[in-house]
Amino acid sequence: MWPRLSNFGVSGKFLCVLKDIYSKATVAVDIGRSGARSEPVRVSRGVLQGDPASPLLFFLYIADMVDYFRKKGLSRLRIGSDNDIIMLQYADDVVILADSVPDRDRVKLGWRQS
């Protein structure tokens, strides 16, 4: 996530604060009604649930996804003569539309690794 944020111009103290918050982030699960709680587990992927900055961080992370797929030549679903759809997005769900197995395989994991 950090290289993507840097590409969008996020730097300096703000980036350092975000890195610090994420390096110390843990989650625990409340167990039943007894008030018991699981051992904390370090968060190593994704954005922090409930953190006010998470929607913006997630948006910045996926902002160039459509451009990536267009550059890879992914076939798109045509709508009329001027519009097409490559993907559907809602909150943190993404559906990539490919009209062939080779298209699907060409972009399967490439974006995440770029």
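Residues numbered from 1 in each chain as written. Predicted model: local features only at pLDDT ≥ 70, side-chain atom pairs only at ≥ 80, totals over all residues. Heavy atoms only, no water.

Chemist: Let's hear about the nonpolar core: which residues, and what values?
Modeler: Among the nonpolar cores identified, the biggest contains ten residues, and these are Leu-5, Val-10, Leu-15, Leu-18, Tyr-22, Ala-25, Val-43, Leu-48, Leu-57 and Leu-60. Per-element accounting of this core gives the leading share, three residues, to helix 2 (residues 12–23). In this structure, Leu-5 is in contact with Val-10, Leu-15, Leu-18, Leu-57 and Leu-60, ignoring residues within four places of it in sequence. Among the nonpolar cores identified, the runner-up in size contains seven residues, and Met-65, Phe-69, Leu-74 and Met-87 belong to it. (Core = buried A, V, L, I, M, F, W, Y, C linked by side-chain atoms within 4.5 Å. Buried < 20%, exposed > 50% of the residue type's maximum accessible area, 1.4 Å probe, protein only. Helix = DSSP H or I, 4+ residues; strand = E, 2+ residues; numbered from the N terminus. Contact = heavy atoms within 4.5 Å.)

Chemist: Could you give me a rundown of the pairing of strand 8 (residues 93–96), with the residues and numbers involved?
Modeler: Sheet analysis places strand 7 (residues 87–90) next to strand 8, joined by four bridges and oriented antiparallel. The residue of strand 8 that forms the bridge with Tyr-90 is Asp-93. The antiparallel hairpin formed by strand 7 and strand 8 contains two residues in its connecting segment, where Ala-91 sits at a positive phi of about 55°. (Pairing = 2+ DSSP bridges.)

Chemist: Account for the packing of aromatic side chains, with residues named and values stated.
Modeler: Using the criterion set out here, one finds one aromatic pair in the structure. When the ring of Trp-2 is compared with that of Tyr-22, the centres are 5.7 Å apart and the planes differ by 80°; the resulting orientation is edge-to-face. Taken as a pair, Trp-2 in helix 1 (residues 2–7) and Tyr-22 in helix 2 lie far apart in primary sequence, 20 residues in all. Note on Trp-2: relative accessible area 24%, which makes it partly exposed. Judged by relative accessible area, which is 8%, Tyr-22 ranks as buried. Sitting over the face of the ring of Tyr-61, Arg-4 holds its NZ or CZ atom 4.8 Å from the ring centroid. (Phe/Tyr/Trp six-rings, centres within 6.5 Å; stacked < 30°, edge-to-face > 60°. Lys NZ or Arg CZ within 6 Å of the ring centre and 35° of its normal.)

Chemist: Please give an account of the pattern of salt bridges that cites residues and values.
Modeler: Under the counting rule described, the total for this entry stands at three salt bridges. As a salt-bridge pair, Arg-4 and Asp-64 come within 3.1 Å of each other at their nearest N and O atoms. With Arg-4 in helix 1 and Asp-64 in the loop between helix 3 (54–62) and helix 4 (65–71), this pair connects stretches of sequence that are 60 residues apart. Linking Lys-24 and Asp-20 is a salt bridge whose minimum nitrogen-to-oxygen distance equals 3.2 Å. Overall, Asp-20 belongs to the partly exposed group, its relative accessible area being 36%. (Salt bridge = Lys/Arg side-chain N within 4 Å of Asp/Glu carboxyl O.)

This is a description of form; function is not addressed.
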